[in-house]
Amino acid sequence: MTAQVVGSDSWFWKSLLSWRAVISMGLCKLIKSGTNTRVWYDPWIPLQDGTVDNILKIQLLDSSREDRWVWTLSTSRDFSVKIAYHVLNSSAAVPSNSAPLVGNQWNQIWKMDIHARLQLLLWKVAWNILPTRDRLSSVLHMLEDQQSCPLCNGGSESIIHLMIGCLVSFLVWSTSRWHLNSLNFVSRGVVGWVKIILNPQLIGISKEDCHEFCLLAMVSLDSIWRYRNDVIHGMPVRAWRLPRFEASLFLVHWVPPPPISIKVNFDTAMGHEVTSAVAIARSSSGEIVFASVCTSARVDATVGEATALRLGVQRCLELQVHDVEFEGDALIVVNAVARPELVSNWAIENLIEDTRIKLNGIQNGVL
């Protein structure tokens, strides 16, 4: 990336070097052990608010694992000419009133297997034309406290806030089967989240779960928008009831493993300032073999789940147990262990890699 062009260079080499600007858009060093990264020169972490905290949260592997170059604009982490072409087109100068999505993405909205009313809602969201308080304040004189979210009073009411930044939407996603920390996606903006709804695989959702993910995204947004309108217009409202989730929390029975086997259940608990990863192993008779807890500064819920799984695997290795069944409800983590190429959350990549290596050391260890 630092090579200089000289007059005697071939046209091929000059053409190759001309792509450096495009490559550098997504070039990044993925930290494994941290031993072969030039921290002052190599791009390896975005410089923004909370940078120090982000650095401290990086899960380092042992020194035998070298840091490697990746391209962040591709889900496979590899440079792609096709994606680079689209990046160049999308980053070209366009009028400020141009469409936020390209043609095939608009078609995706109308082809979604959801009610037409929800399709229209997503279309309005993509165009950012819902009458939220932040939009109204641009044409009406509104005091600052009149622009806050009526549901959580936690910030200015915008579409992206209602979709994934509000406490209500945060609870919906954090208690979903994917345990998403929706706040991590606020920086992507409205269009970024719409693209995720259209293609959930961008954030590691399996192909089989894409429809359910889209359905939850749209039904929750529709419900939040109606709930918000009822609150603003003084309509009688009731606290949300989620009977299906309540049933899953209180009526699920633990299923024992086969005889002579043990089952390790892993999960995470999120506090205001800390995250606890928990792994509990039981025999087929229900007797507790071990219970391990690891507490750290608050991290993403998915990171907590991945940490809990690695904690359980590590403990099994230490006790030299075999015939182990690992069970958890974080599908992103489970799918990532089964298919590491699906990992889209960089915060768990090292955890997943380390877990896979350790899992190979357990005889008859299954997830």
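The structure this text deals with has already been given above.
Residues numbered from 1 in each chain as written. Predicted model: local features only at pLDDT ≥ 70, side-chain atom pairs only at ≥ 80, totals over all residues. Heavy atoms only, no water.

Asker: Before we move on, can you summarise the state of the cysteines with the specific residues and values?
Answerer: Applying the stated criterion across every chain yields a total of zero disulfides. Free cysteine Cys210: the closest other cysteine sulfur is in Cys214, separated by 6.3 Å. (Disulfide = S-S within 2.5 Å.)

Asker: Would you mind going over the environment of Asn360 in detail, with residue names and values included?
Answerer: With respect to the element layout, Asn360 can be found in the loop between α15 (349-359) and β7 (365-366). Placed 47 residues apart in sequence, Asn360 and Val313 show a C-alpha to C-alpha distance of 9.8 Å. (Helix = DSSP H or I, 4+ residues; strand = E, 2+ residues; numbered from the N terminus.)

Asker: So what about the pattern of salt bridges? Which residues, and what values?
Answerer: Between side chains of opposite charge, pairing is possible as soon as their charged atoms come close. A full pass over the atoms with the stated rule returns eight salt bridges. Across the pair Glu157 and Arg228 runs a salt bridge, and its minimum N-O distance is 2.6 Å. With Glu157 in the loop between α7 (133-136) and α8 (159-165) and Arg228 in helix α11 (residues 210-232), the pair connects residues that are 71 residues apart, well separated along the chain. Exposure class is identical for Glu157 and Arg228. Each is buried. Among the ionic pairs, Glu318 bridges to Arg315, the shortest N-O distance being 3.1 Å. Placement of the pair is Glu318 and Arg315 together in helix α13 (residues 301-319), with a separation of three residues, close to one helical turn. Three or more residues joined by partner-sharing salt bridges are found here, namely Arg117, Asp222 and Arg226. (Salt bridge = Lys/Arg side-chain N within 4 Å of Asp/Glu carboxyl O. Buried < 20%, exposed > 50% of the residue type's maximum accessible area, 1.4 Å probe, protein only.)

Asker: An account of the sheet that holds strand β4 (residues 274-283) is needed here, citing residue identities and associated values.
Answerer: Taken in spatial order, the five strands line up as β5-β4-β3-β6-β7 in an open sheet, and their pairing is mixed. Two strands lie at the open edges of the sheet, namely β5 (288-297) and β7, each paired on one side alone. One ladder, built from four bridges, connects strand β3 (residues 262-270) with strand β6 (residues 324-327); its direction is parallel. The partner of Lys263 across the bridge, within β6, is Glu325. (Pairing = 2+ DSSP bridges.)

Asker: Tell me about helix α9 (residues 167-174), residues and numbers included.
Answerer: In an α-helix, one turn spans 3.6 residues; hence positions three or four apart end up facing the same way. For α9, a buried count of six out of eight residues is recorded, marking the element as mostly surrounded by other parts of the structure. Listed in full, the buried residues belonging to α9 are Val168, Ser169, Phe170, Val172, Trp173 and Ser174. The inward-facing, buried residues of α9 abut α8, α10 (189-198) and α11. (Contact = heavy atoms within 4.5 Å.)

Asker: Give a description of the packing of α9 against α11 that names residues and reports values.
Answerer: Viewed as axis vectors pointing N to C, α9 and α11 meet at an angle of 155°, and their least axial separation amounts to 11 Å. It follows that α9 is roughly antiparallel to α11 by the angle criterion. Judged by the twist between their axes, the crossing of α9 over α11 is right-handed. Along the contact surface, α9 presents Val168, Ser169, Val172 and Trp173, while α11 presents Phe213, Leu216, Ala217, Ser220 and Ile224. Considering only residue class, the contact of α9 with α11 consists of seven nonpolar, two polar and no charged. (Axes fitted to C-alpha atoms, helices over the stretch in contact; angles between N-to-C directions. Parallel < 35°, antiparallel > 145°, perpendicular 65-115°, else oblique. Left-handed = near helix turned anticlockwise from the far one by under 90°. Nonpolar A, V, L, I, M, F, W, Y, C, P; charged D, E, K, R; others polar.)

Asker: Quick one: what's the story with the packing of aromatic side chains, residue by residue and with numbers?
Answerer: Within this structure, the stated rule accounts for six aromatic pairs. Considering the side-chain rings of Trp173 and Trp193, the 5.6 Å spacing of their centres and the 85° angle between planes classify their relative orientation as edge-to-face. Taken as a pair, Trp173 in helix α9 and Trp193 in helix α10 lie far apart in primary sequence, 20 residues in all. Each member of the pair, Trp173 as well as Trp193, is classed as buried. Between Trp173 and Phe213, the aromatic rings sit 4.9 Å apart at their centres with planes inclined by 40°, giving tilted as the arrangement. (Phe/Tyr/Trp six-rings, centres within 6.5 Å; stacked < 30°, edge-to-face > 60°.)

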